[in-house]
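Remarks on the overall topology
As a plain string of letters, each chain reads:
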Amino acid sequence: MTSEVFGRTTGCGELRAKDVGHEVSLAGWVHRRRDHGGLIFIDLRDRSGLVQLVFNPAKNPEAHRVADGLRSEFVVAARGLVVARDPAMVNPKLPTGEVEVMPSAVEVLNESLTPPIYVAEATDTPAVDETTRLRYRYLDLRRPRMQRNLILRHQVTMAVRNFLDGHGFVEIETPMLTRSTPEGARDYLVPSRVSPGRFYALPQSPQLFKQMLMVSGFERYFQIVRCFRDEDLRADRQPEFTQIDVEMSFVKQEDVLRLMEDLVAELYAKVLEKKLPRPFPRMTWRQAMADYGSDKPDLRFGMKLIDLTEAVRESGFRVFAEAAAGGGQVKAVVAPGAASFSRKDIDGLTEFVKTYGAKGLAWMAFEAAPAAGQGATAPATGGPGAAPEVRSPIAKFFSPEALADLRIRLGAGPGDLALFVADKPAVVAAALGALRLELGRRLNLIDREADRFLWVTDFPMFEYSQEEDRWVAMHHPFTSVRDEGLPLLKTDPGAVRAVAYDLVQNGIELGGGSIRIHRRDVQERVFDALGLSPEEAREKFGFLLEAFEYGTPPHGGIAFGLDRMIMLMAGAETIRDVIAFPKTTSASDLLTGAPSEVSGRQLSELGLAAKGDQG
RNA sequence: GGAGACGUGGUGUAGCUGGUCUAACAUAUGUGCCUGUCACGCACAAGAUCGCGGGUUCGAAUCCCGUCGUCUCCGCCA
């Protein structure tokens, strides 16, 4: 097929008043068609945007005849004159709204079935279900919003490369077919045809390779790299995801944090034209857990957790007193203006905290209007201003003085609702941390325009795994420990702190890293603390231990979750909206149908047999 | 591994305390009319047996069980 018309000179969305009088050739998709019987208007769309084509049967009957047959998402080429619109007909909503094109010739390059997705979205077009979007992803990606997201992603990765290149970093690729290692997430395995019964693993991260590159003397490495983890998915977790992976030699924690903060600030400045407040605040892990019940606090609103363990130690409410006596905690959050919550609302919150392991939720509502002598209320005196009545099932366990004291500690004013959890510290943190976020959302306390970054530092080196009945590395086993922790490796692993840090944005973990161990003896002691025998250590990580004996520089680094970073920059709800071809929560690809069965011949070549569902 | 929500014309929803549901609305689609629209308008038409399987019942989109799929959360994710 030879085209008379095809031969593009401009993008549709680029036309402006200055182009008036020029003859242009355009190509794109029919975004919308408005047929007035005589005149036909076509919004022609390409990556650059939209422009209106006007077909006038009186001026060009042949072009009008072709336009009559055009439908949504047809691919067409058009050539014609750019003309200025009459001032009354300018469309201020379109960048190209001052002009339109009067085609002298149009050609259909390809037709389209009626699409199952509304590419030309409007306020009255129904939102399409994600299943359909994923099945027809190529159409979904035509939507301007998705095009924006992926172009934003491109701009960010370009800016990352530019920044890191400018700071002496070298981008080096590392293997996708590598060795399975113990610790960490479940590996995706790839069978070896040449070595039947043996498997490669897809990398969970290039951790060991980037450390090897430091041993090799590259000093500053980075990579925008795919990582794979065979774990259950979430809105912000995909089985394959992309990291901005960075490693540097001869650095301390401070050097890494400062440079990476520069990087993030530059991305926001260059790509979003937003100036971030500097420096990013910092908080220790301990402080984050105490104040927010989370190692990734959302700083866009307050509602810190309040520790009342000491205040209620002697109280008559046994649930509180026993938790305090048994080494647990009693903590609370105060939901501003939530005293009006119904019993049903609070029951719902109780169910909510139970999913985090809490056994219950105690509450006190501080009424806005004082009213004397009601059943389950008691006067709370001594606070500033008018003393509000307390409505609470547990008020009867406290004297008026104790209630007044509690109210001051809570900082609760009239109309506020305090919610208490008493349990082991880990449960209290999980339940109240999640409850704080839920209430923050529900009460509209979160400033959706804000971008609040935070460095969380001084993570514990180990956490105890009930399941495995041993200590496991919180970050990874190659993380260095603070000097004062070295003697504790044997005696009190739970007290050892790591030189590890996370960058958190709006309650989402954007990235994390550490200063690594670079001495064999220290690495061996950490392996030992993890319950890895010297034999196992040599078998699994012998190459690392060996490398440490050939002049390994002190080094450290960080890895950012690129998908999450773009999600936040794009204002998307899920990383699926910033990944061209994502997978569902059951890790399948609705477009291609992966994962699929394979032929018996493929399996036998690999020395494998499929067991199917039987397991 | 566990919990919850959802599944109805091409698309998105309503209906779901069982029977005039012979399934409604919006949008999309088709046809006709319309020379200045830009979420064009008006009229008409076509289009779903209600994810799948089983059960209860005289009767099931509606109730029950199972199953599949999607989403959210807990566990998990060094």
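Focus: the packing of aromatic side chains
- In total, this model carries 12 aromatic pairs according to the counting rule given.
- Summarising the aromatic geometry, the rings of Phe-320 and Phe-420 are spaced 5.6 Å apart at their centres and angled 40° between planes, so their arrangement reads as tilted. Taken as a pair, Phe-320 in helix α8 (residues 318–325) and Phe-420 in strand β17 (residues 417–423) lie far apart in primary sequence, 100 residues in all. Neither Phe-320 nor Phe-420 differs from the other in exposure class; each is buried.
- Measuring from centroid to centroid gives 5.5 Å for Phe-478 and Phe-541, while their planes differ by 75°, and the two rings are edge-to-face. Of this pair, Phe-478 sits in the loop between β20 (470–473) and α12 (488–491) while Phe-541 sits in helix α14 (residues 534–547), placing them 63 residues apart in sequence.

Focus: the protein's contact with RNA strand B
- Of all residues adjacent to RNA strand B, which total 56 residues, the nearest are Asp-35, Tyr-118, Ala-473, His-475 and Thr-585.
- In this structure, His-36 approaches RNA strand B through a side-chain N or O atom, which is 3.3 Å from a sugar or linking oxygen.
- The separation between a base nitrogen of RNA strand B and a polar side-chain atom of Asp-232 is 2.7 Å.
- Elements that contribute at least two residues to the surface near RNA strand B include exactly β1 (23–35), β2 (40–46) and α2 (130–135).
- A breakdown of the residues in the surface near RNA strand B according to their chemical character gives 17 nonpolar, 22 polar and 17 charged.

A word on the packing of helix α4 (residues 144–166) against helix α6 (residues 253–271)
- It is at 10 Å that the axes of α4 and α6 come closest, and there the two elements cross at 135°. What the angle tells us is that α4 and α6 run oblique. By crossing handedness, the relation of α4 to α6 is classed as right-handed. Of the residues in α6, those touching α4 at Leu-152, Gln-155, Val-156, Ala-159, Val-160, Asn-162, Phe-163 and Leu-164 are Leu-259, Met-260, Asp-262, Leu-263, Glu-266, Leu-267, Lys-270 and Val-271.
- Of the residues in the contact of α4 with α6, the class split is 11 nonpolar, 2 polar and 3 charged.

A look at the nonpolar core
- Membership of the largest hydrophobic core comes to 45 residues, with the highest contact counts inside it found for Val-156, Val-246, Met-260 and Phe-560.
- Looking at which element gives the most residues to this core, the answer is α6, with 9 residues.

Structural notes on empty space enclosed by the protein
- The tally for this structure, following the rule as stated, stands at 1 cavity of 30 Å³ or more.
- Taken as a whole, the largest cavity holds about 40 Å³ of empty space.
- As for the largest cavity, its lining consists of Leu-134, Arg-137, Phe-581, Pro-582, Asp-589 and Leu-591.
- Of the residues contributing to the lining of the largest cavity, the split by class is 4 nonpolar, no polar and 2 charged.

Points about the sheet that holds strand β6 (residues 170–171)
- Pairing is mixed in the open sheet, where 8 strands are placed in the order β6-β9-β10-β23-β22-β21-β18-β11. Edge positions in the open sheet fall to β6 and β11 (282–284), since each of these has one partner strand only.
- Together, β11 and β18 (453–457) form the strand contacts of helix α7 (residues 285–292), whose direction differs from that of β11 by roughly 85°.
- With respect to the sheet, helix α15 (residues 562–570) is in contact with β9 (220–228), β10 (240–249), β21 (500–505), β22 (508–515) and β23 (555–561), its orientation differing from that of β22 by roughly 140°.

Some remarks on the packing of helix α13 (residues 520–529) against α14
- Two elements in contact, α13 and α14, have axes separated by 11 Å at closest approach and are oriented at 155°. Looking at the two axes, α13 sits roughly antiparallel to α14. The way α13 lies across α14 gives a crossing that is right-handed. Contact residues: α13 offers Arg-520, Gln-523, Glu-524 and Phe-527, while α14 offers Ala-537, Phe-541, Leu-544, Leu-545 and Glu-546.

Things to note about unusual backbone geometry
- Going from Arg-278 to Pro-279, the amide bond is cis rather than trans, its omega being -10°.
- Mapped onto the elements, Pro-279 comes out in the loop between α6 and β11.
- Note that the residue after Ala-594, namely Pro-595, is joined by a cis bond; omega there is 0°.
- Its identity as a non-glycine residue notwithstanding, Asp-469 has a phi of 55°, on the positive side.
- A residue is classified by how much of its surface remains accessible, and Asp-469, at 56% relative accessible area, is exposed.

Some details on helix α10 (residues 400–410)
- Listed in full, the buried residues belonging to α10 are Leu-403, Ala-404, Leu-406, Arg-407 and Leu-410. Down the axis of α10, the smallest arc covering the buried residues is 160°, so these residues share one side. Facing away from the buried side of α10 by over 90 degrees, the exposed positions are Glu-401 and Ile-408.
- One or two steps after α10, the chain reaches Gly-411, where phi turns positive at roughly 70°.

Thoughts on the domain arrangement of chain A
- Here chain A is described as being made up of domain 1 (12–110), domain 2 (129–278 + 554–589 + 598–606) and domain 3 (301–442).
- Here the C-alpha centroids of domain 2 and domain 3 sit 42 Å apart.

As for the pairing of β2
- Among the 7 residues in β2, 7 count as buried, and that is most of the element.
- Residues Ile-40, Ile-42, Leu-44 and Asp-46 of β2 are buried on one face, and the alternating residues Phe-41, Asp-43 and Arg-45, pointing to the opposite face, are buried as well.
- Alignment of β1 against β2, held across 6 bridges, turns out to be antiparallel. Bridge pairing in β2 links Val-30 to Leu-44.
- Hairpin connection of β1 to β2: 4 residues between the antiparallel strands, including Gly-37 at a positive phi of 80°.
- Taken together, the 7 bridges between β2 and strand β3 (residues 49–55) define a ladder with antiparallel strand orientation. Directly across from Leu-44, in β3, lies its bridge partner Val-51.
- What sits between the antiparallel neighbours β2 and β3 is a turn of 2 residues.

Regarding the environment of Leu-568
- Of note, Leu-568 is situated in helix α15.
- Residue classification places Leu-568 among the buried residues on the basis of a relative accessible area of 19%.
- Separated by 376 residues in the primary sequence, Leu-568 and Ser-192 place their C-alpha atoms 39 Å from one another.

Reading the values: rules and limits
Residues numbered from 1 in each chain as written. Chains lettered and ligands numbered in written order. Predicted model: local features only at pLDDT ≥ 70, side-chain atom pairs only at ≥ 80, totals over all residues. Heavy atoms only, no water. Phe/Tyr/Trp six-rings, centres within 6.5 Å; stacked < 30°, edge-to-face > 60°. Helix = DSSP H or I, 4+ residues; strand = E, 2+ residues; numbered from the N terminus. Buried < 20%, exposed > 50% of the residue type's maximum accessible area, 1.4 Å probe, protein only. Near = heavy atom within 4 Å. Polar contact = N/O pair within 3.5 Å; in protein donor to acceptor, adjacent residues only side chain to side chain. Nonpolar A, V, L, I, M, F, W, Y, C, P; charged D, E, K, R; others polar. Axes fitted to C-alpha atoms, helices over the stretch in contact; angles between N-to-C directions. Parallel < 35°, antiparallel > 145°, perpendicular 65-115°, else oblique. Left-handed = near helix turned anticlockwise from the far one by under 90°. Contact = heavy atoms within 4.5 Å. Core = buried A, V, L, I, M, F, W, Y, C linked by side-chain atoms within 4.5 Å. 1 Å grid on protein atoms, 1.4 Å probe; cavity = no way out; pocket = protein on both sides within 12 Å on 5 of 7 lines; lining within 4 Å. Points joined across faces, edges and corners; volume = space filled by probe spheres on them. Pairing = 2+ DSSP bridges. Arc of directions from axis to C-beta. Domains from an automatic or database assignment.

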